Amino acid sequence: MVEQKSKIDLVVTHPQLQSEALLFFTQGDLKNFDALVGEQACQIRATMITDLYDKYVDSIKNNTFGLEMLTGEEKTFLVLTYFLTKFKQQEHPLEQKELIMICRIDLQKIMDFFHMQKNSAVVTLHEVQVKVAELSVNYLNLLLNTKLSSHQELKPLLMQQHLSGGRVTVGCYISMMLMYYDAFKNNRPIVIKVERECKNQVKTINFIYTPNLGEKDCYIQQTAQSIKKTGNQPVLIIEGKSTCTDQACRGCFEHENFSHKLQQTIKAGPQGLLRVLCANAAQHAQFIGQDDLSYDFSQAPQLGQTYAKSKEIAEHEGYSLHNPSTFLVQHIYASTLAKEIYSFFPIPQ
Ligand SMILES: [Zn+2]
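Residues numbered from 1 in each chain as written. Predicted model: local features only at pLDDT ≥ 70, side-chain atom pairs only at ≥ 80, totals over all residues.

(A) Inspection of the overall build of the protein at higher detail. Within the protein, the regular secondary structure consists of twelve helices and seven strands. Within the protein, the fraction of its 349 residues that count as buried is 39%. Counting only contacts in the protein whose residues sit at least 6 apart along the sequence, the fraction spanning at least 24 positions is 73%. (Helix = DSSP H or I, 4+ residues; strand = E, 2+ residues; numbered from the N terminus. Buried ≥ 20, exposed ≤ 12 C-beta atoms within 10 Å, placed from the backbone. Contact = placed C-beta atoms within 7 Å.)

(B) Seen up close, the sheet that holds strand β3 (residues 190-198). Spatially, the five strands line up as an open sheet ordered β5-β4-β3-β6-β7, and their pairing is mixed. Both outer strands of the open sheet, β5 (219-222) and β7 (328-336), are each paired with one neighbouring strand and no more. With direction set aside, neighbouring strand axes in the sheet form an average angle of 30°. As paired elements, strand β6 (residues 234-243) and β7 share eight bridges and run antiparallel to each other. Along β7, the bridge assignment pairs V235 with S335. Lying over the sheet, helix α3 (residues 42-61) contacts β6 and β7, oriented at roughly 15° with respect to β7. (Pairing = 2+ DSSP bridges. Axes fitted to C-alpha atoms, helices over the stretch in contact; angles between N-to-C directions.)

(C) Quick look at unusual backbone geometry. Non-glycine residue H115 carries a positive phi angle of around 50°. Within the secondary structure, H115 sits in the loop between α5 (107-114) and α6 (118-145). One non-glycine residue, N200, lies in positive phi territory at about 60°. Mapped onto the elements of the fold, N200 is located in the loop between β3 and β4 (201-211).

(D) Highlighting the nonpolar core. Counting residues in each nonpolar core, the largest one holds 87 residues, and the members touching the most others are L84, Y173 and I190. At eleven residues, the largest contribution of residues to this core is made by helix α8 (residues 172-185). In this structure, this core is formed jointly by two domains, domain 1 (7-152) and domain 2 (183-344), each of which donates at least three residues. Once residues lying within four places of it in the same chain are set aside, the contact partners of Y173 are L157, C278, A281, A282, Q286 and Y307. (Core = buried A, V, L, I, M, F, W, Y, C linked by C-beta atoms within 7 Å. Domains from an automatic or database assignment.)

(E) Representation of the pairing of strand β1 (residues 161-164) within the structure. Pairing between β1 and strand β2 (residues 167-170): four bridges, direction antiparallel. The residue of β2 that forms the bridge with H162 is T169. Between β1 and β2, which pair antiparallel and follow one another directly, the connecting turn spans two residues, one of which, G165, has a positive phi of 55°.

(F) Structural context of helix α10 (residues 272-282). By the criterion of burial, α10 is predominantly enclosed, with ten of the eleven residues buried. Here α10 has its buried residues at L273, L274, R275, V276, L277, C278, A279, N280, A281 and A282.

Have a look at this one:
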């Protein structure tokens, strides 16, 4: 009897997928592992892939890295997230995207690549997404039990998991906080890319932040020049939009006043960046397809208060779908400084 390979094995052991994943990973091209799983938790994959890159960065630099160095789960994660990125449909323009992103995968490409029927491609895609969702939630649990064990107050929220189309999901708020604390712990820069719209004009403005190690969980803004020497480092890219709602505005871009205003907003308070991210994460439904389901805060009353506060900040200060006047996060992905930074921070000679 011929043993049938599972769909997951079929993908993970595919020689072409393996070699492409290996190439992109060693090149620091981490955008290629930006998997859409259908549970709106791009921040978890961004966290996982940047952590994975950090873990192996020395052997990557020495040109000794190979897939055989990865644990079974790490290899599965790398190849499956690459698969989900490779077969994504062409990106839609940013203004059509929302943080709540539906899954856009090109089934025809999967059928052609594996020479399979549509039914088979649907099953393969589904199994891969279910697996990546499972690995994602497992990873957050691992983080909270190891590197982030000082954040046990978050446990009651992380324990609240729901199934969506067979995929296990945790709420957006909890994974956003874990992303932030993990990034801080790893001394990882965060880049904010804002697409500002004012009077039919659109301009992208970028800010870069690095952990201020002297102050707990605090990020501070940097200039491109100050981070020049750290090109190999993985970074988190947080992109989103900002819509000018000032009827009397004579153009946001003339005096750079918007850019100044946003800088001040993010600087406000010792945890300015965390405040902005939490507001964004609290302003929409926590569990996909279950709009009226939120967290049960009975085990974490204090978090319940900060969550309510975050929602309020989102509405009043412009971090929500209804009011994106300051910054509405649309997508989060991983990259490296070398791949990203110089393209939007021209460095003076
Ligand atoms: Zn304006």
